[in-house]
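Coordinate analysis (summary)
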Amino acid sequence: MAPLHAGTLVWTLGLSRLSWVLAPLVGATAGLHAATWGTFKDALYEGFSARKYARSVVAGALAGLFIEAGCGFDLTTAAGFILLFATAYALERGALEAWKAFVREEDQGKYFIPMQFAVFGRVVRSKLARRAAGVGYAAALALLIIALVRLQPAQGHPALWSLLVVGTFGGWVSAFGGAWKDAPKEGFQLFKFFRSPGIALGFAL
């Protein structure tokens, strides 16, 4: 894996032939897992949609290419495969959930908890306001990721405190996003809020 020194992402413009083949395959596999689980969970209630199923596979493949270009995982190793699979899965899920919240237009009447961006449980009807919120959300995530990259030391292993920060980052995003979306309808649940950061930390350690 190419190191991310000096707080900057290393963008590998010249992917190897192996990466061009393997990166989208690994990403598509991540998307395939997400699509299959979603079908198992939702199809009985919403019906099966081939377009919805293929959407995650394609998004996963694109995520795999994007991440491999940015991080340069060594795909000749099992560790490289695992890292690419996990990050492609996270990007595919995050991108599609953001699209549902800030871009997609859909009748929210069939949902108990709105899928579109809402404030205190009330859907924001203005397209412009939702898209502006989406841009702000993406910008905030990008800045946070750049800040996390700066925690990586030039040499040696990171300090334990920085591992804790980086390791729980995705869990905190999930916790705050879930609380924002679910709490107005289900109430705030303390254990549920800290569950995602705890699980993320366990994987990081």
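Below: a short report on this structure. (Residues numbered from 1 in each chain as written. Predicted model: local features only at pLDDT ≥ 70, side-chain atom pairs only at ≥ 80, totals over all residues. Heavy atoms only, no water.)

Before going further, it helps to spend a moment on the overall build of the protein chain. When helices and strands are counted, the protein chain shows six helices and two strands. Counting from the amino terminus, the protein chain carries its helices and strands in the arrangement α-α-α-β-β-α-α-α. In terms of overall dimensions, the protein chain is globule-like: its C-alpha atoms have a radius of gyration of 18 Å, near the 17 Å expected for 205 residues. With respect to the three principal axes, the spread of C-alpha positions in the protein chain is 50 × 40 × 30 Å. Burial statistics for the protein chain: of 205 residues in total, 30% are counted as buried. In the protein chain, of all internal contacts separated by at least 6 residues, the share reaching a separation of at least 24 is 65%. Accessible area of the protein chain: about 12900 Å², with a carbon and sulfur share of 71%. Where the 19 positive side-chain charges of the protein chain centre and where its 11 negative ones centre are 5 Å apart. (Helix = DSSP H or I, 4+ residues; strand = E, 2+ residues; numbered from the N terminus. Rg over C-alpha atoms; globule rule 2.2 N^0.38 Å. Buried < 20%, exposed > 50% of the residue type's maximum accessible area, 1.4 Å probe, protein only. Contact = heavy atoms within 4.5 Å. Areas by Shrake-Rupley, 256 points an atom, 1.4 Å probe, with all protein chains shown as cover. Lys, Arg positive; Asp, Glu negative; His and termini not counted. Charge placed at Lys NZ, Arg CZ, Asp CG, Glu CD.)

Before going further, it helps to examine the side chain of Arg104. Its location among the elements puts Arg104 in the loop between helix H3 (78-102) and strand E1 (118-119). Assessed through its relative accessible area of 15%, Arg104 is described here as buried. Looking at Arg104, its side chain comes within polar contact range of the side chain of Glu106, at 2.8 Å. The residues touching Arg104, leaving out its near neighbours within four places in the chain, are Arg55, Trp99, Tyr111, Met115, Gln116 and Arg130. (Polar contact = N/O pair within 3.5 Å; in protein donor to acceptor, adjacent residues only side chain to side chain.)

Turning next to the packing of helix H2 (residues 50-71) against H3. It is the contact of H2 with H3, at a shortest axis distance of 8 Å, that shows an interaxial angle of 125°. The angle between H2 and H3 falls in the class oblique. You can see that H2 and H3 cross each other, and the crossing is right-handed. Of H3, the residues touching H2 (which contributes Arg55, Ser56, Ala59, Gly60, Ala63, Gly64, Phe66, Ile67 and Glu68) are Leu84, Thr87, Ala88, Leu91, Glu92, Arg93, Leu96, Trp99 and Lys100. Of the residues contributing to the contact of H2 with H3, the split by class is nine nonpolar, four polar and five charged. (Axes fitted to C-alpha atoms, helices over the stretch in contact; angles between N-to-C directions. Parallel < 35°, antiparallel > 145°, perpendicular 65-115°, else oblique. Left-handed = near helix turned anticlockwise from the far one by under 90°. Nonpolar A, V, L, I, M, F, W, Y, C, P; charged D, E, K, R; others polar.)

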